[in-house]
Amino acid sequence: MTLAELATRIGCRVDGDGTLDVRRVASLDDAEEGDVTFLHNPRYAPRVAATRASAIIADERLSGAPCTILRTSNPYLAFAEAVVVLTPPSPPPVGISPLAFVAASATVAPDVSIAPFACIGEHACIGARVVIESHAVVGANVTVGDDTVIRAHVSVRPGVVLGARVHVQDGAVIGSDGFGFAHRPDGSHQKIPQVGRVVIEDDVEIGALCAIDRPAVGETRIGAGTKVDNLVQIAHGVRIGRDVLMAAQAGVAGSTTIGDGVIMAGQSGATGHIELGAGAKLGAKSVATKDVPPGEHVAGIPAVPVDEWRESVALVRRLPALRRVLTDLASRLAALEQRLK
């Protein structure tokens, strides 16, 4: 594919030779002749001069590149689209493997791809062009929307609803029992049956080894377009809005509501029965213990407005010096008091 053809496909303007052939997208450091690279973060701009790529995707600010520039206002988005164009996925074979199990009562579209050792339960409904990989288990009464991909070793528990174009990465568990126990007078615990459902709306991605719990009553719901990274825990009765981003090892306790467009950074958490307003941001390793207003950026444990958290962190770093100053002042005061006796 020529650079001019690629630029047309991804909405860029060619600044340089558009007749060059390209075959893949590569990083600034690894790119060679025939590769397209990209510059999104300005901190990497000093590396541009040394790149061996045939072209670089960048915005209008870049100058002095040793190759053709594909100009765009959003280099990161154009990079993502270039990967799709230059590295199209290989479609899986259509059909049901003879080594898979599909319950007689299940409804399965004719153009699905179901790999060996996958298991489809009673009365499940599998939509068009769905891909279910080896050792995945789709339980009874599960609904799977069109073009959804369920990777290997995924467990979709009974009654779960997956929308269209959902992508569930390896080893995720959707619809596991919520953590619900009632205390008995003798100190032991009575398990509360978790009989609610889990609903995953369209265009959601669930990362590897995630756990999404069902509630005792009602539902756990993840809104359309939300992207969940690996090793994320979403507890029973949580409601997540549209286009939320949850980075690796984030965790949300039961009955919490997360508004549209919220960002939860890596290893962040939210306690139960609170609300993160639309567009809120929760910093890495932070824990929200109370409601976060819409659009607020918070950090720390417990999470506070990010400017307040930064001030406190700076103060903590000064504590050793402040301690020395206080010790010195205490010694001088003691000496002064001794002289005045």
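Structure: above.
Residues numbered from 1 in each chain as written. Predicted model: local features only at pLDDT ≥ 70, side-chain atom pairs only at ≥ 80, totals over all residues. Heavy atoms only, no water.

### Observations regarding the sheet that holds strand β24 (residues 211–214)
- Ordered in space as β7-β10-β13-β16-β19-β24-β27-β30-β33-β36, the 10 strands form an open sheet in which the pairing is parallel. If you trace the sheet from one side to the other, it starts and ends with β7 (101–102) and β36 (287–288), each paired once.
- Of the pairings in the sheet, the one linking strand β13 (residues 137–138) to strand β16 (residues 155–156) comprises 2 bridges and is parallel in character. Bridging from a neighbouring strand, Val-138 pairs with Val-156 of β16. (Pairing = 2+ DSSP bridges. Helix = DSSP H or I, 4+ residues; strand = E, 2+ residues; numbered from the N terminus.)

### Considering the pairing of β24
- In the sheet, strand β19 (residues 173–177) pairs with β24 via 4 bridges, with the strands oriented parallel. Counted as the bridge partner of Ile-174 is Ile-212 from β24.
- Sheet topology places β24 next to strand β27 (residues 233–234); 2 bridges connect them, and they run parallel. Of the residues in β27, the one forming a bridge with Ile-212 is Ile-234.

### Concerning the pattern of salt bridges
- Applying the stated rule across the entire model yields 18 salt bridges.
- Between Arg-129 and Asp-147 there is a salt bridge, with the nearest N and O atoms lying 2.7 Å from each other. Residue Arg-129 is found in the loop between β11 (125–126) and β12 (131–132), and its partner Asp-147 is found in the loop between β14 (143–144) and β15 (149–150); the two are separated by 18 residues along the sequence.
- Look at Arg-129 and you get partly exposed, because its relative accessible area is 42%.
- Residues Glu-133 and Arg-151 are paired through a salt bridge, measuring 2.5 Å at the closest nitrogen-oxygen approach. On the criterion of sequence distance, the pair formed by Glu-133 in the loop between β12 and β13 and Arg-151 in the loop between β15 and β16 is long-range, its members being 18 residues apart.
- By relative accessible area, Arg-151 is classed as partly exposed at 24%.
- Overlapping salt bridges bring together Arg-197, Glu-201, Glu-219, Arg-221 and Arg-239 as one network. (Salt bridge = Lys/Arg side-chain N within 4 Å of Asp/Glu carboxyl O. Buried < 20%, exposed > 50% of the residue type's maximum accessible area, 1.4 Å probe, protein only.)

### Points about helix α3 (residues 306–340)
- Helix length check: α3, at 35 residues, gives a terminal C-alpha distance of 48 Å against a target of 51 Å (1.5 Å per residue), a fit within 8%.
- Where α3 bends most, the angle comes to about 50°, and this point is Leu-319, followed within four residues by the proline Pro-320. (Expected span 1.5 Å × (residues − 1). Bend = angle between axes of the 7 residues up to and from the residue.)

### Side note on the packing of helix α1 (residues 3–10) against helix α2 (residues 75–86)
- Contact pair α1 / α2: the axes reach a minimum separation of 9 Å and the direction vectors enclose 120°. As the angle between them shows, α1 and α2 are arranged oblique. α2 is crossed by α1, and the crossing has right-handed handedness. Residues Leu-6, Arg-9 and Ile-10 of α1 form the contact with α2, whose own contacting residues are Ala-78, Glu-81, Ala-82, Val-85 and Leu-86.
- Tallied by class, residues from the contact of α1 with α2 come to 6 nonpolar, no polar and 2 charged. (Axes fitted to C-alpha atoms, helices over the stretch in contact; angles between N-to-C directions. Parallel < 35°, antiparallel > 145°, perpendicular 65-115°, else oblique. Left-handed = near helix turned anticlockwise from the far one by under 90°. Contact = heavy atoms within 4.5 Å. Nonpolar A, V, L, I, M, F, W, Y, C, P; charged D, E, K, R; others polar.)

### Examining unusual backbone geometry
- Of note, the bond from Ile-301 into Pro-302 is cis; its omega dihedral lies within 30 degrees of zero at -10°.
- The residue Pro-302 is located in the loop between β37 (297–299) and β38 (304–305) in this model.
- With a phi close to 60°, His-273 is a non-glycine residue in the positive phi region.
- Relative to the assigned elements, His-273 resides in the loop between β33 (269–270) and β34 (275–276).

### Observations regarding the side chain of His-167
- Assignment of secondary structure puts His-167 in strand β18 (residues 167–168).
- In terms of polar contacts, His-167 uses its side chain to reach the side chain of Arg-151, at 3.1 Å.
- Setting aside anything within four residues of it in sequence, one finds His-167 in contact with Val-149, Arg-151, Val-204, Glu-205 and Ile-206. (Polar contact = N/O pair within 3.5 Å; in protein donor to acceptor, adjacent residues only side chain to side chain.)

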